Amino acid sequence: MDILLQPWPWYVSGPLISVILFLFFYYGKHFGVSSNLETLCTIAGADKFSDYFKKNWRKRDWALFFLTGLIIGGFISNTFLTPYGIDTINPKTIEDLQALGFEYQKNTYVPEELFSLDTILSVKGFLLLIVAGILIGFGTRYADGCTSGHAITGLSNLQLPSLVAVIGFFIGGLIMIWLIFPLLFS
Amino acid sequence: MKYVRFLLIGILFGIILSKSEAISWYRIYEMFKFQSFHMYGIIGSAVFFSMIFTFLFKRGFIKNYKGKPIKLKTRKKEYIRTLVGGTIFGLGWALAGSCPAPIFILIGNGVFSILILLFGALIGAFLYGLLSKKLPH
């Protein structure tokens, strides 16, 4: 039991993610998360603005259960399964972050500098999260998949378009961290 | 109530990504800085074991719950959309440290400001829907 409460190493987590992929396919669905953003748009009434969203979301009603499960899973982990906190990151990374004005805090998943109440009530903080969200939503739908749909499902099925997408994920990620972060923060 | 299984799969996925710290903004930053093997190990081993499952699906060794063969999608050979869309997503992934599934998982972890990110992501998906016919694929 105790080992379950420690942070999980990559060689436990990775194989478990493949079990999730297995369960999706076993129960007749494709493994992917970003298409749910579209489904939520349709439910919110986006079909009134574009035919693209004229889809019967009830065919994907099962996905609402999955999304609700994600939230509950996060809550269970946070409430019952993380008494020892979260592993610390590379000290070199902490130094790099300090140079950008990020003060590393133990046992949090997200930095105050982007997610605290004070930050999101500031214009810059609010815009950063909205813009990041737009990039995520637009990018994943344009690419037709995210980390689960392309990186896990697509790569394991040897799909070349998915490899191209994952290369894109890294081009974008590296540009953001190495080129844009020093401009945004410091 | 046949969908309870997807609720349970979601709960399991939420716990796995929380305990593995794949939902951590810091882990994503560390990954793009090449300062830890952690995220590469997670994604690499997930793909490796998924390849085995995929092989077993395709060869018919594993059938679905109805006893029927499991078919996998073949991706259309659309490289502009995957490269450009992928790059746009990568920018947001690195900035917010979160891809679509972790957005929901972080709500459960009590990070409520992530709702702004979710709202942005819905705007982004909506914009894609509006523009999809005009974009090169």
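Note that the structure is a prediction, hence the values are computed from the model and not measured.

Peer 1: Just checking my understanding: could you explain the overall build of chain B for this structure?
Peer 2: Helix and strand counts for chain B come out as six helices and zero strands. Its C-alpha atoms give chain B principal-axis dimensions of roughly 45 × 40 × 40 Å. Each of the 137 residues in chain B was classed as buried or not, and the buried ones make up 63%. Here the analysis covers contacts within chain B between residues at least 6 apart in sequence; of these, 43% occur between residues at least 24 apart. When the accessible surface of chain B is totalled, it reaches about 5,800 Å², and 71% of it is carbon and sulfur.

Peer 1: Looking at this structure, how should I read unusual backbone geometry?
Peer 2: Negative phi characterises most residues that are not glycine, and trans characterises most peptide bonds. All names here are of chain A. The phi angle at D144 is positive, at roughly 65 degrees, despite the residue not being glycine. Looking at the secondary structure, you find D144 in the loop between helix 8 (123-143) and helix 9 (147-156). Judged by its relative accessible area of 29%, D144 is partly exposed. With a phi close to 55 degrees, L158 is a non-glycine residue in the positive phi region. Position of L158 among the secondary structure elements: in the loop between helix 9 and helix 10 (160-184). Among the residues examined, L158 registers a relative accessible area of 69% and is labelled exposed.

Peer 1: Can you help me understand the nonpolar core in this one?
Peer 2: Within soluble globular proteins, side chains that are nonpolar generally end up buried alongside one another. F66 and F181 of chain A together with F13, W25 and F57 of chain B are the most contacted members of the largest nonpolar core, which totals 99 residues. Residue contributions to this core peak at eight residues, all from helix 8 of chain A. Residue-level mapping places this core at the junction of two domains, with at least three residues from each of domain 1 (1-83) and domain 2 (116-186) of chain A. The residues contacting F66 of chain A, other than those within four sequence positions of it, are F24, V33 and N36 of chain A together with F6, L7, I9, G10 and F13 of chain B.

Peer 1: What am I meant to see in helix 9 of chain A here?
Peer 2: Every α-helix winds through 3.6 residues per turn, so residues three or four apart in the chain are directed the same way. Most of helix 9 of chain A sits inside the fold, with nine of its ten residues counted as buried. The set of residues buried in helix 9 of chain A consists of T147, S148, G149, H150, A151, I152, T153, G154 and S156 of chain A. Residues of helix 9 of chain A that are buried in the fold lie against helix 2 (10-26), helix 8 and helix 10 of chain A together with helix 3 (38-58) and helix 4 (79-96) of chain B. Within two residues after helix 9 of chain A, L158 of chain A carries a phi angle of roughly 55 degrees, on the positive side.

Peer 1: Explain the packing of aromatic side chains to me, please; I cannot follow it from the model alone.
Peer 2: Any two aromatic rings considered together are summarised by their centre-to-centre distance and by the angle between their planes. By the definition in use, this model includes 45 aromatic pairs over all chains. Taken together, a centroid distance of 5.5 Å and an interplanar angle of 90 degrees make the contact between Y52 of chain A and Y128 of chain B edge-to-face. Placement of the pair is Y52 of chain A in the loop between helix 3 (35-43) and helix 4 (61-80) and Y128 of chain B in helix 6 (residues 114-131), with the two residues belonging to separate chains. Of note, K55 of chain A hangs over the ring of Y52 of chain A, and the distance from its end group to the ring centre comes to 4.2 Å. The ring of W178 of chain A carries K33 of chain B above its face, with NZ or CZ at 4.4 Å from the centroid.

Peer 1: When you look at the domain arrangement of chain A in this model, what are you seeing that I'm missing?
Peer 2: It is common to give the size of an interface as the accessible area that goes away when the parts come together. Residue and element names in this part refer to chain A. Annotation of chain A at the domain level lists domain 1 (1-83) and domain 2 (116-186). Between domain 1 and domain 2, the contact holds ten residues from the first and ten residues from the second. Buried surface at the junction of domain 1 and domain 2, summed over both partners, amounts to about 720 Å²; 64% is from carbon and sulfur atoms. Viewed at the interface, domain 2 and domain 1 are joined by one salt bridge. Two residues, E38 and R141, come together in a salt bridge whose shortest N-O distance is 2.6 Å. Viewed at the interface, domain 2 and domain 1 are joined by four residue pairs in polar contact (both at pLDDT 80 or more). Within the residue set of the side of domain 1 that touches domain 2, elements represented by two or more residues are helix 2 and helix 3. The residue makeup of the side of domain 1 that touches domain 2, split by class, is six nonpolar, three polar and one charged.

Peer 1: Please clarify how a nonpolar patch on the surface should be interpreted in this entry.
Peer 2: On the surface, L160, L163, I167, I171, I175, W178 and L179 of chain A together with F34, I80, L83 and V84 of chain B cluster together into a nonpolar patch covering about 950 Å² of accessible area. At the level of secondary structure, the elements contributing two or more residues to the nonpolar patch comprise helix 10 of chain A together with helix 4 of chain B. With seven residues, helix 10 of chain A is the largest single contributor of residues to the nonpolar patch. Its location among the elements puts V84 of chain B in helix 4. With a relative accessible area of 36%, V84 of chain B lands in the partly exposed category.

About the thresholds
Residues numbered from 1 in each chain as written. Chains lettered and ligands numbered in written order. Predicted model: local features only at pLDDT ≥ 70, side-chain atom pairs only at ≥ 80, totals over all residues. Heavy atoms only, no water. Helix = DSSP H or I, 4+ residues; strand = E, 2+ residues; numbered from the N terminus. Buried < 20%, exposed > 50% of the residue type's maximum accessible area, 1.4 Å probe, protein only. Contact = heavy atoms within 4.5 Å. Areas by Shrake-Rupley, 256 points an atom, 1.4 Å probe, with all protein chains shown as cover. Core = buried A, V, L, I, M, F, W, Y, C linked by side-chain atoms within 4.5 Å. Domains from an automatic or database assignment. Phe/Tyr/Trp six-rings, centres within 6.5 Å; stacked < 30°, edge-to-face > 60°. Lys NZ or Arg CZ within 6 Å of the ring centre and 35° of its normal. Buried area = accessible area lost by both parts, 1.4 Å probe. Salt bridge = Lys/Arg side-chain N within 4 Å of Asp/Glu carboxyl O. Polar contact = N/O pair within 3.5 Å; in protein donor to acceptor, adjacent residues only side chain to side chain. Nonpolar A, V, L, I, M, F, W, Y, C, P; charged D, E, K, R; others polar. Patch = residues over 30% accessible without salt bridge, like charges linked within 9 Å, V, L, I, M, F, W, Y side chains within 5 Å.

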